[in-house]
There are 2 protein chains.
Amino acid sequence: MNNNFLYLRRLGIDTYQEPVVYMRADCDICRAEGFSSQNRVRVSFGERHIIATVHMVHSELLHHDEAGLSEAAWHLLGAGEREPAHFSHPAPVESMSFVRGKLYGNRFSQPAAEAIIADIRDGNYSDIQLAAYVAACADQLLDTAETIAITRAMVASGKRFDWGRVPVLDKHCVGGLPGNRTTPVVVAIATACGLTMPKTSSRAITSPAGTADTMETLAPVTLSFEQMRRVVEQEGGCIAWGGSVSLSPTDDIVIRVERALDLDSEGQLVASVISKKVAAGATHVLIDVPVGPTAKVRQEEMARRLGVQLVETGAALGLRVSVLCTDGTQPVGRGIGPALEARDVLRVLRRDADAPCDLRARALTLAAAVLELGGVAPPGEGLARATATLDSGAAWQKFRAICAAQGGMREPPLARYRHPVVAERSGVVAHINMRSLAKAAKLAGAPADKAAGIEMHVRLGEQLERGQPLFTMHADTRGELHYALDFLATHRETLSIEEPVR
Amino acid sequence: MNNNFLYLRRLGIDTYQEPVVYMRADCDICRAEGFSSQNRVRVSFGERHIIATVHMVHSELLHHDEAGLSEAAWHLLGAGEREPAHFSHPAPVESMSFVRGKLYGNRFSQPAAEAIIADIRDGNYSDIQLAAYVAACADQLLDTAETIAITRAMVASGKRFDWGRVPVLDKHCVGGLPGNRTTPVVVAIATACGLTMPKTSSRAITSPAGTADTMETLAPVTLSFEQMRRVVEQEGGCIAWGGSVSLSPTDDIVIRVERALDLDSEGQLVASVISKKVAAGATHVLIDVPVGPTAKVRQEEMARRLGVQLVETGAALGLRVSVLCTDGTQPVGRGIGPALEARDVLRVLRRDADAPCDLRARALTLAAAVLELGGVAPPGEGLARATATLDSGAAWQKFRAICAAQGGMREPPLARYRHPVVAERSGVVAHINMRSLAKAAKLAGAPADKAAGIEMHVRLGEQLERGQPLFTMHADTRGELHYALDFLATHRETLSIEEPVR
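Q: Outline the relation of the copies chain A and chain B, supporting the account with residue identities and numerical values.
A: With an RMSD of 0.1 Å, chain A superimposes on chain B once it is rotated by 179° and translated 0.1 Å along the axis. Here the copies are linked by what is in effect a two-fold axis. Residues of chain A ranked by C-alpha distance from the rotation axis are headed by Ile-128 of chain A, positioned 2.5 Å from it. When the interface residues of chain A are mapped onto chain B, 100% of them are again interface residues, pointing to one common binding face.

Structural data, given as structure tokens:
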């Protein structure tokens, strides 16, 4: 094989989003072009090309005439096994000069923001270049004009929905609170009151359940854009998975690096939220900002500043934004895991006697704000209208209609193995470690096993007797059940019971 | 295999410096611990452990009870094939909080600098964390106190030589100029004049030759510390490869990321240079700063500012620094490639009639400054002393003695295939593209094939007749010779000849 061609092989290695190409150090192309590990290389196949990072292979993993692709590279390039691709040096990524300029104290202009975002979308940035971009945006280094420039560029880089009507409502929660599944209830109430609310949600990334995972136990959520449109035209709203429609595609790429660096940028957060909502075709959006010592937003002051940026950036993009600061001090509802959280949602919608009242109260507060924002309830009357819509059964009826339109409502599955864990002593629930609980739920199989997870029976500060159930572990296999229970047995701090102070 | 153990396999994949561990997505540990791609994992083997980045494997590349290691991970951990290692979640890298703080506007304290540099040395930073650190240091964001703190931390993180005498001279060139091989000549002159100059140099990373590659064609350069000491005690100096002694080990790690980001940080540059010189046991160092439009330092003003930082940081670490700004407008000498550059050096030392006079002049200027800095020539008399030492043959005699002490002097090899390329028209040499020339030299086999490269016969502005030789291509195989020639045939801009303006 000559002229810088090699046959492609899918190695099945997942490097997450960075495309990697594996090349033999002793292959003709590496020797001729001087490629070495960490270099960037342009891989062309027909009309398509990708920029990938080179990892050199010094073993017999590949034949002399082969190059391997990581999963990300494989999917981006779209070639088949053993098809020939052309390898060459890529042009330098010009927009990195704007990132360097920013680090040297310049500001991002609109053309700079567009060049950067387009390069990120096209996969032209390596992970370390992404990290430099994230660092350049860190904290308050982005002013409002720059945030608006980046938001515009992010919207321009992907698809944008047009629902052909106004208002189109949306909601978003900044920094998820465990179990905070208000979305299905809010959408049901808003659409029952005649508003348009085409909601897209995400799946879990590091948690035991995302809203899309939870909703999927009640109805199909993987809808094409045409399916979404049909559901929304028929019922006024939907609760779909956002991953199947490509809205603001750079956002996920940037968020992943921010997460790895644990480096929050208010400007990027604002650009991320607003760009996704504008791309989704919303005209009015309610943003829920839970404030609490272990939440993403820890102080009222930060919430206020963030609120101003969200409102101003939204306004520049033609989006009316309303911000609601809510209690972020403890988890919501009782279930941890897709089906268990869905049961909480159903109990609220069905007005069951044992519905978790914290979830009901939060959902009503948010729905009230959405009704007022959408103009179907006068200011101050949203809560009464939302409560009436829920209590009359209208929301429950609308929710079933939406589920039917999305492909048919179903009951959330029940796990095959369920094991209650009881209090070994009497006392007061003094601490709940949410991280350990989330880990145990994942060990039990969530979110892949939809029925797996933890059902809590107690809350912080509750007085308990010895032998009283604390929680029930749910799992689909006996192995996973024991795995999760073993973990909790060696992590007693997950739920600690103390003598009450007399 | 239970309890978070997997058998190790060396996959032969070179991820450069970032340690990577390949794990089956469906292995028990990944499922139990929730590891996924891009996560960091702690791999323990006996008393040793490393922190590595996870790449998930979805194919049969590994057995269920196996984990693969990249080359960097394999060498750091030091385990054998099929030995069992333990996998767990690493503690968060605490020093990243200082990097985040810096991005938010704080300054690095001495303890912060030490924590960061120690974590980088121990491989605890992922590539994207390194990129965030490099971004945080970018440009003038590091003040002199911070630069000193980082320099101290870098010295403390590695070995430090003590030669038991004062002065110990060293030299360094900021931003290499092609062909600028003054080091062997300067060391020969300085040691012939009685100074101590234990010089360590680097190999090529992206260029066709480094000083160590060039020197290796004349004598062995891979010396242990004990061998270096013996040579220096006997002859007063050496010209060895710095890679075999671990000086300022974090430096290479940081430089690689800076290079990939094309992000220069003056503070990091100063810390890098000064820490290596202090660790090498120098007391007096001359720093050559070539200034030119395509050199690393482009303006006198930047050179002056950099000079002040080098001198002040050196002083804080007990190192006397002298900075010399030199002409950085065009390459030096005639050879491109290890042996060809060595021939230029030999011609200067032997005082051959055809010695490249630019290389000779530069070497004498630098040697003069070293002699004055080392106190063996009064101010203003260094050049006369250096010239006399070279012209008397004393430097040549000393150079041969050093080569003999390092293991025996040898003649640089001559390539088997040599092909002259002639001017296709008469005119003036208007442009020389050094990047294309360097690439052609690498295609011909440099630096791995020591004899390969390009021998230039013309310089910028020279008047040529049609048919006059421009350069000769040197290669060890016919294939490589043609590869390099083909490249130049399709890259005519490499050396362009224009009608002289009348």
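Back to the write-up after that little detour.
Q: Please set out the interface of chain A and chain B residue by residue, giving values where relevant.
A: Residue-level contacts link 45 residues of chain A with 46 residues of chain B. With both chains or domains summed, chain A and chain B bury close to 3800 Å², and 60% of this area falls on carbon and sulfur atoms. The interface formed by chain A and chain B contains 0 salt bridges. Between the two partners, chain A and chain B, sit 10 residue pairs in polar contact (both at pLDDT 80 or more). Of all elements in the fold, only strand 2 (13–14), helix 1 (28–33), strand 5 (48–57), helix 3 (96–103), helix 5 (127–137), helix 10 (250–261), helix 17 (434–443) and helix 18 (478–489) of chain A reach the threshold of two or more residues within the side of chain A that touches chain B. Ranked by residue count, the leading element in the side of chain A that touches chain B is helix 5 of chain A, at 6 residues. Bridge count between strand 2 of chain A and strand 5 (residues 48–57) of chain B: 2 bridges; the pairing is antiparallel. If you follow Ile-13 of chain A over to strand 5 of chain B, its bridge partner there is Val-57 of chain B.

Q: Go over the sheet that holds strand 8 (residues 169–173) of chain B, please, and point to the residues and values.
A: Residue and element names in this part refer to chain B. Here 3 strands make up an open sheet; going across it, the order is 8-11-12 and the pairing parallel. Pairing within the sheet leaves two strands with one partner each, and these edge strands are strand 8 and strand 12 (320–327). In this sheet, neighbouring strand axes are inclined to one another by 20° on average, regardless of whether the strands run parallel or antiparallel. In this sheet, strand 12 lies alongside strand 11 (residues 284–291) in parallel orientation, the contact comprising 8 bridges. The residue bridging Val-291 from the neighbouring strand is Asp-327, located in strand 12.

Q: So, the packing of aromatic side chains: which residues are in play, and what are the values?
A: Residues and elements named next belong to chain A. Tallied over the full model, the rule gives 9 aromatic pairs over all chains. Taken together, a centroid distance of 6.3 Å and an interplanar angle of 35° make the contact between Phe-108 and Tyr-133 tilted. With Phe-108 in the loop between helix 3 and helix 4 (110–121) and Tyr-133 in helix 5, the pair connects residues that are 25 residues apart, well separated along the chain. For the residue pair Phe-108 and Tyr-133, the accessibility class agrees, reading buried in each case. With centroids separated by 4.0 Å and ring planes inclined at 35°, the aromatic side chains of Phe-161 and Phe-225 adopt a geometry described as tilted.

Cut-offs used in this document
- Counting restarts for each chain, with residues numbered from 1 along the sequence as it is written.
- As a convention, the first chain written is A and the first ligand written is 1, with the rest following in written order.
- In keeping with the model being predicted, local features are shown solely for residues with a pLDDT of at least 70 and side-chain atom pairs are shown and tallied solely at 80 or more, while totals for entire chains, interfaces and linings include all residues.
- Hydrogen atoms and water are omitted, and side-chain values are computed over all heavy atoms in the structure.
- The superposition of copies rests on a least-squares fit of C-alpha positions from residues with pLDDT of 70 or more in both.
- A contact between two residues is defined here by any heavy atoms of the two lying within 4.5 Å.
- Values labelled buried area give the accessible surface lost by two parts on being combined, using a 1.4 Å probe and summing over both.
- Take a side-chain nitrogen of Lys or Arg and a carboxyl oxygen of Asp or Glu: if they are within 4 Å of each other, that pair is a salt bridge.
- Polar contact is the term for a pair of N or O atoms within 3.5 Å; when the atoms are in protein, one must be able to donate a hydrogen and the other to accept it, and sequence-neighboring residues count only if both atoms are side-chain atoms.
- Each helix corresponds to a stretch of at least 4 residues labelled H or I by DSSP, and each strand to a stretch of at least 2 residues labelled E; elements are numbered beginning at the N terminus.
- By the convention used here, strands pair only if DSSP detects at least 2 bridges between them.
- Fitting a line to C-alpha atoms yields each axis, with helices limited to the stretch in contact; the angle taken between N-to-C directions then spans 0 to 180 degrees.
- Paired rings are identified among Phe, Tyr and Trp, the last through its six-membered ring, by centres lying within 6.5 Å, and are further divided according to the angle between planes into stacked (under 30 degrees), edge-to-face (over 60) and tilted (the rest).
- In this scheme, a residue with accessible area under 20% of its type's maximum is buried, one over 50% is exposed, and one in between is partly exposed, where area comes from a 1.4 Å probe on protein chains only.

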